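# Topology and contacts: notes
Residue strings, one per chain:
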Amino acid sequence: MFCGKCGAENLDGVTFCKECGAPLNGSGSTKQKASRPTASQNNRRNKKVGILAVAVAAIVVIVLLFALLGGRSYKAAVEQYVDIQYTGNMGELVDLVPDEVWDHLLARDGYDEEDLNIMLAETTELVQDQLEDFDEHFGADWEVSYQILSAEDVDAEELAGLQERYEALGVDVSKAKTVEVEVTIQGSKSETSDTMDISVMKSGRSWYLDVQQLGGLF
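Reading the values: the criteria
Residues numbered from 1 in each chain as written. Predicted model: local features only at pLDDT ≥ 70, side-chain atom pairs only at ≥ 80, totals over all residues. Heavy atoms only, no water. Helix = DSSP H or I, 4+ residues; strand = E, 2+ residues; numbered from the N terminus. Buried < 20%, exposed > 50% of the residue type's maximum accessible area, 1.4 Å probe, protein only. Contact = heavy atoms within 4.5 Å. Areas by Shrake-Rupley, 256 points an atom, 1.4 Å probe, with all protein chains shown as cover. Axes fitted to C-alpha atoms, helices over the stretch in contact; angles between N-to-C directions. Parallel < 35°, antiparallel > 145°, perpendicular 65-115°, else oblique. Nonpolar A, V, L, I, M, F, W, Y, C, P; charged D, E, K, R; others polar. Phe/Tyr/Trp six-rings, centres within 6.5 Å; stacked < 30°, edge-to-face > 60°. Lys NZ or Arg CZ within 6 Å of the ring centre and 35° of its normal. Salt bridge = Lys/Arg side-chain N within 4 Å of Asp/Glu carboxyl O. Expected span 1.5 Å × (residues − 1). Pairing = 2+ DSSP bridges. Core = buried A, V, L, I, M, F, W, Y, C linked by side-chain atoms within 4.5 Å.

A tally of regular secondary structure across the protein gives 6 helices and 4 strands. Counting helices and strands in the order they occur from the N terminus, the protein gives α-α-α-α-α-β-α-β-β-β. When burial is assessed residue by residue, the protein has 30% of its 218 residues classed as buried. In the protein, of all internal contacts separated by at least 6 residues, the share reaching a separation of at least 24 is 60%. Here the protein has roughly 14300 Å² of accessible surface; of this, 52% comes from carbon and sulfur atoms.

So, in structure tokens, the structure goes:
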């Protein structure tokens, strides 16, 4: 006879367990066996734990992907803009301005997307020609670095005005910042540093250039 409490084996007819002292009623063997999960019960429990672990892992992956792929930060927008200025790759400017703004500009002036690509290519060539002067002034090995000195949210009144102007173009602006950036150009011949203010805004999950101050945009 097995004790239903501790599982110890006892002689038949014994009233109390020799190990723990629990009373024995003749059905201890059954109770003892019932107290231990069967192989099928263990399998079901392990399966449930496995399913839960997979579900938790999936949630973690989704959260990580959202964080990694959740749109462009204002710092990334600033970096891309500075890079455009000193590489002359104006094609990348398309990504820094909301599509609705490009649609407005093209429709207003009677252009289409092909015209835009041509203009950007011509501007790229022009800027890169001008950048060749940097070789003479700074040396052929010149390179550009930058650091963000400050990033301030625009005040409520300025944000409200900006939102109103962009809303007319179908762009929903949630935030806007003025970012002060120090840009340094360094080469074997010369070095210089200067600061510039870059206006950026957030629409959806990405930050863009705030181009509202360009002449005749609105």
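Picking up where we left off.
Moving on, we come to the packing of helix α3 (residues 74-87) against helix α5 (residues 113-138). The geometry of α3 relative to α5 is characterised by a closest axis approach of 8 Å and an angle of 80° between their N-to-C directions. In terms of axis orientation, α3 runs roughly perpendicular to α5. Mapping the contact onto sequence places Q85, Y86 and T87 in α3 and V127, Q128, L131 and F134 in α5. Class assignment of the residues belonging to the contact of α3 with α5 gives a composition of 4 nonpolar, 3 polar and no charged.

Across all of its chains, the model carries 4 aromatic pairs by this definition. Across from the ring centre of Y208, 5.0 Å away, lies the NZ or CZ of R72, which sits over that ring. One cation-aromatic arrangement involves K177 over Y74; the distance from NZ or CZ to the ring centre is 5.3 Å.

With that settled, consider the pattern of salt bridges. Counted according to the given criterion, the structure contains 3 salt bridges. In this structure, K177 and D153 form a salt bridge, with 2.7 Å as the shortest nitrogen-oxygen distance. You can see K177 sitting in strand β2 (residues 173-186) and its partner D153 sitting in strand β1 (residues 143-153), a full 24 residues away along the chain. Among the residues examined, K177 registers a relative accessible area of 14% and is labelled buried. On the basis of relative accessibility, which here comes to 53%, the residue D153 falls in the exposed class.

Before going further, it helps to spend a moment on α3. The first and last C-alpha atoms of α3 sit 20 Å apart over 14 residues, in line with the 20 Å expected at 1.5 Å per residue. Those residues of α3 lying buried are Y74, A77, V78, Q80, V82, I84 and Y86. Of the surrounding elements, those touching the buried residues of α3 are α5, β1, β2, β3 (191-203) and β4 (206-209). Two residues or fewer after α3 comes G88, characterised by a positive phi angle close to 75°.

This paragraph deals with the pairing of β4. Relative to β4, β3 runs antiparallel, the two being bridged by 4 bridges. Bridge pairing in β4 places S203 opposite S206.

Of all hydrophobic cores here, the largest spans 40 residues; its most connected members are V101, Y166, I198 and M201. Broken down by secondary-structure element, the contributors of at least two residues to this core are α3, α4 (99-109), α5, α6 (156-167), β2, β3 and β4. With near-sequence residues (within four places) excluded, I198 lies in contact with V78, Y81, V82, K177, T178, V179, V181 and L209. Counting residues in hydrophobic clusters, the runner-up holds 5 residues, among them C3, C17, A22 and L24.

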